[in-house]
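Each chain, written out:
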Amino acid sequence: MSEKIIITENLVKRFPVGDGEFTALNNINLSFEKGEFSGIIGPSGSGKTTLLNIIGSLDSPTEGSATVLGHRISDLSHKESAFLRNMHIGFIFQVYNLLPVYTVFENVEFALILQKRSATERKKAVMQALEWVGLENMADKKPSKLSGGEGQRVAIARAMVKRPELVLADEPTANLDAKNAHAILKTMKTLNKELNTTFLFSTHDEKVMDYLNRLVRLEDGEVDKDDIVQPKYMV
Amino acid sequence: MKMALQMAFKNLIGAGLRTWLNVSVLSFCFIVIVFYNGFLNGWQKQGRLDAMNWEFAQGQLYHADYDPYDVFTIQDAHGSLPEGESQHLTPVLIQQATLYPNGRMNPILIKGIPLDQKVINLPIDLLAKSTADIPVFIGKRMAESAKLSEGDQVLLRWRDQYGTYDAANITIAGIFDTEVATIDQGQIWLTLDKLWKMTGLTDEATLYIADSQYQPQPISGWNFQSLNSLLKDFESAVQAERIGSMVIYLVLLGIGLLAIFDTQVLSVFRRQREIGTYIALGMTKNQVLKIFTVEGGMYSIFAGIVGMVIGAPLFYYTATQGINIGSSAEGMGVRMANIIYPAFGPGLVTGTLLVLVFSAKLVSFLPARKISKMNPVNALKGKLS
Ligand SMILES: Nc1ncnc2c1ncn2[C@@H]1O[C@H](COP(=O)(O)OP(=O)(O)O)[C@@H](O)[C@H]1O
Ligand SMILES: [Mg+2]
């Protein structure tokens, strides 16, 4: 029996809209185990990003609970949730959100500086992470000099460099062509296998789904389907 | 803190032109503030020093009736100190008189001081060389306004101790050059012995100039004026100028700070995704806020560096060569040398820098405070209103 690193119980998220409220997530009961390579799928507006943000402690549930790596998200102080993200959770976004004034190396290094790791330790870890994504020769480039595929690979390196337990990837392939999308998915799948990092995607991209072991389908903020699947592509 | 500094530094350098615009405005402020304060410091320092060396020494003991601002007190304000009280004091006798250069009537003061005095720089001992009947010494301003030159003879009319008018030709035996207009304009200097003889006021003085060993003690009929009290008017003129210049600084600083404020407001808005990313990467809002605040403070550090690089030659040149303000200040009745050597101390430079850094940090902090209310999810979406 594997360890459950994400548990949501009767999770509800409402947003104030005008005079009333909009229920973006309704009664979500899910759990994810260590090492999963799963995805939240569903049409646009179904609540995928909202769920990922709560799991990533960037937001908190209106009702019910989300417990991530043993922490109840709604109980965490701002500082504690920052610490949780810094130490244990990596984010990958649809837009890569690289810091434009930093080099590739510095972008990846950032999380480790926050962790107050030593310079030698950082250098080693950053070069390793860049190697995972095949960008060890781009360390000194600025993000503006990178192609879209390269940018997203830097973002993966940045998420992975601290070897987090959990990586949350919100539509990571939405801005990529098929070739680059496959490349980064293969990279992530490999890291998932080698480091046993748990990946949770949000996507409506078929290409992504072809790599996943489990598809949780949201429809209007509710879990519509939750299937273990045989991925089309293996690494 | 080190990380905040490094990040702020990178962000500012990365922001390029905008940074340098802010830095130029601020460094201009820096240069103006340092320069003008240096000028005022120099003026004040020189004014004090000149007044001390040429006029007041360590203070003056006034005859009780003497009021330098009221010429009508002068004729009768004289006396002599009790026996043994005149140690470390140099007597000066002042009388009213009228000078007739080229037939024009010119009311003046005549001042007598001992030939061998050492207490002020006035080189009265030069009069010893003169063979004239009444040799006098005048300043260059007096010489100019009365159109007198060395060797000229001119008619002087004065009153003796009984109020009887007396007149004689005096000889301009020397012209001295001083920055202190108050021992120059509208007066002539002669030896005390000669003035005593002319007026019959032997052994009497209007005031005594104290040297550094003088210990003031109450003497009836005489009032001691310390150097500081004698310089009070001058100091308050400098002070008034400092306060007046504050207005200029505030306007300049206001413009510089407004530029930073504006940048920050825009930054907080335009850099939402960046802020959201910092938070997603595990920074606390306070850490992000700190970076933005440090960025603002860093503008002023850059400005200080740029200001020093540009300003240093200017400061150095003016401090060594002086600024020739001509005689424009004399009409203002303010003690001011013709050439002012600005004084730029390290305190002035660092003090100005500290004010800049602190105020820049403050105006950066105010808009950046918005970060602490930001919802990271919205920030990441770049959706902040
Ligand atoms: N801050 C918010 N305020 C109001 N409504 C929101 C907010 N965030 C998301 N929503 C709404 O919640 C629903 C789910 O959004 P989201 O989680 O972004 O969907 P997805 O990622 O599946 O496209 C959408 O209808 C969206 O408009
Ligand atoms: Mg989404």
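This one's a predicted model, so the numbers in the text were calculated from it and none came from an experiment.

### Concerning the site of ligand 1
Thought 1: The environment of ligand 1 is formed by 13 residues, the closest being Gly45(A), Gly47(A), Lys48(A), Thr49(A) and Thr50(A).
Thought 2: The environment around ligand 1 is built from residues contributed by chains A and B.
Thought 3: In this structure, an oxygen atom belonging to ligand 1 sits 2.9 Å away from a main-chain N or O atom of Lys48(A).
Thought 4: One nitrogen or oxygen atom from the side chain of Thr50(A) is found 2.5 Å from an oxygen atom belonging to ligand 1.
Thought 5: Burial of ligand 1 by the protein chains amounts to 73% of its free accessible area of 560 Å².
Thought 6: Mapped onto the shell around ligand 1, the elements with two or more residues apiece are strand S2 (20-33) and helix H1 (48-55) of chain A together with helix H10 (376-381) of chain B.
Thought 7: Considered class by class, the residues forming the shell around ligand 1 number four nonpolar, seven polar and two charged.

### Some remarks on the sheet that holds strand S7 (residues 166-170) of chain A
Residue and element names in this part refer to chain A.
Thought 1: With respect to topology, six strands assemble into an open sheet ordered S6-S7-S8-S3-S9-S10, the strand pairing being mixed. At either margin of the open sheet sits one strand with a lone partner, and together these are strand S6 (89-92) and strand S10 (222-228). With direction set aside, neighbouring strand axes in the sheet form an average angle of 15 degrees.
Thought 2: Lying on the sheet, helix H5 (residues 148-160) is in contact with S6, S7 and strand S8 (198-203); it crosses S6 at an angle near 170 degrees.

### What to know about a nonpolar patch on the surface
Residue and element names in this part refer to chain B.
Thought 1: Together, Phe261, Val265, Phe358, Leu362, Phe365 and Leu366 make up a nonpolar patch on the protein surface, roughly 510 Å² of accessible area in all.
Thought 2: Going through the elements one at a time, helix H6 (232-270) and helix H9 (346-368) are the ones with two or more residues in the nonpolar patch.
Thought 3: For the nonpolar patch, the leading source of residues is H9, giving four residues.
Thought 4: Relative to the helices and strands, Leu362 is located in helix H9.

### Remarks on the environment of Thr187(A)
All names here are of chain A.
Thought 1: Looking at the secondary structure, you find Thr187 in helix H6 (residues 178-195).
Thought 2: Residue classification places Thr187 among the buried residues on the basis of a relative accessible area of 14%.
Thought 3: Along the chain, Thr187 and Val133 lie 54 residues apart, while their C-alpha atoms are 6.5 Å from each other.
Thought 4: Not counting residues within four places of it along the chain, the set of residues in contact with Thr187 comprises Trp132 and Val133.
Thought 5: Here Ala183 takes part through its backbone oxygen, which lies 2.9 Å from a polar atom of the side chain of Thr187.

### Quick notes on the domain arrangement of chain B
Residue and element names in this part refer to chain B.
Thought 1: With domains assigned, chain B is organised as domain 1 (2-52 + 233-380) and domain 2 (59-213).
Thought 2: Placing a centre on the C-alpha atoms of domain 1 and another on those of domain 2 gives a separation of 51 Å.
Thought 3: In this complex, domain 1 contributes 10 residues to the contact, which on the side of domain 2 involves nine residues.
Thought 4: Summing both partners gives a buried area of about 620 Å² for domain 1 against domain 2, and 38% of it is carried by carbon and sulfur.
Thought 5: On inspection of domain 1 and its partner domain 2, the count reaches zero salt bridges.
Thought 6: The element best represented in the side of domain 1 that touches domain 2 is helix H2 (residues 17-56), accounting for three residues.
Thought 7: Looking at the side of domain 1 that touches domain 2 residue by residue, the classes come out as five nonpolar, one polar and four charged.

### Comments concerning the pattern of salt bridges
Residue and element names in this part refer to chain A.
Thought 1: What the rule picks out here adds up to 18 salt bridges over all chains.
Thought 2: Linking Glu171 and Lys48 is a salt bridge whose minimum nitrogen-to-oxygen distance equals 4.0 Å. Taken together, the positions of Glu171 in the loop between S7 and H6 and Lys48 in helix H1 put the pair 123 residues apart, joining distant regions of the chain. Each member of the pair, Glu171 as well as Lys48, is classed as buried.
Thought 3: Here Asp210 ties to Lys232 by a salt bridge, and the two come within 3.9 Å at their closest N and O atoms. Separated by 22 residues along the polypeptide, Asp210 in the loop between helix H7 (206-209) and strand S9 (214-219) and Lys232 in the segment after S10 bring together distant segments of the chain.
Thought 4: Overall, the relative accessible area of 21% leaves Asp210 in the partly exposed class.
Thought 5: On the accessibility criterion, Lys232 (59% relative accessible area) is exposed.
Thought 6: Salt bridges here are not isolated pairs; linked through shared partners, they connect Glu36, Arg214 and Asp226.

### Some thoughts on H5(A)
Residues three or four positions apart in an α-helix share a direction because the helix packs 3.6 residues into each turn.
Thought 1: With 13 residues, H5(A) should reach 18 Å at 1.5 Å per residue; the first-to-last C-alpha distance of 18 Å fits that figure.
Thought 2: In terms of residue burial, H5(A) counts as a mostly covered element, since 12 of its 13 residues are buried.

### Some points on the side chain of Glu235(B)
All names here are of chain B.
Thought 1: The residue Glu235 is located in helix H6 in this model.
Thought 2: On the basis of relative accessibility, which here comes to 19%, the residue Glu235 falls in the buried class.
Thought 3: Each residue touching Glu235, except ones within four places of it in the same chain, is listed here: Gln44 and Arg48.

### Describing the sheet that holds strand S4 (residues 63-68) of chain A
Residues and elements named next belong to chain A.
Thought 1: A sheet is described by the order of its strands in space; here four strands give the open sequence S2-S1-S4-S5, paired in antiparallel fashion. In this open sheet, the two strands that pair with only one neighbour each are S2 and strand S5 (71-72).
Thought 2: With 10 bridges joining them, strand S1 (residues 4-17) and S2 adopt antiparallel strand pairing. Considered in S2, the bridge of Val17 is made with Gly20.

### Considering unusual backbone geometry
All names here are of chain A.
Thought 1: For Leu69, which is not glycine, the phi dihedral falls at a positive 50 degrees.
Thought 2: Its location among the elements puts Leu69 in the loop between S4 and S5.
Thought 3: In the Ramachandran plot, Asn196 falls in the positive-phi region, its phi being about 60 degrees despite a non-glycine side chain.
Thought 4: Topologically, Asn196 is positioned in the loop between H6 and S8.

Cut-offs used in this document
Residues numbered from 1 in each chain as written. Chains lettered and ligands numbered in written order. Predicted model: local features only at pLDDT ≥ 70, side-chain atom pairs only at ≥ 80, totals over all residues. Heavy atoms only, no water. Near = heavy atom within 4 Å. Polar contact = N/O pair within 3.5 Å; in protein donor to acceptor, adjacent residues only side chain to side chain. Areas by Shrake-Rupley, 256 points an atom, 1.4 Å probe, with all protein chains shown as cover. Helix = DSSP H or I, 4+ residues; strand = E, 2+ residues; numbered from the N terminus. Nonpolar A, V, L, I, M, F, W, Y, C, P; charged D, E, K, R; others polar. Pairing = 2+ DSSP bridges. Axes fitted to C-alpha atoms, helices over the stretch in contact; angles between N-to-C directions. Contact = heavy atoms within 4.5 Å. Patch = residues over 30% accessible without salt bridge, like charges linked within 9 Å, V, L, I, M, F, W, Y side chains within 5 Å. Salt bridge = Lys/Arg side-chain N within 4 Å of Asp/Glu carboxyl O. Buried < 20%, exposed > 50% of the residue type's maximum accessible area, 1.4 Å probe, protein only. Domains from an automatic or database assignment. Buried area = accessible area lost by both parts, 1.4 Å probe. Expected span 1.5 Å × (residues − 1).

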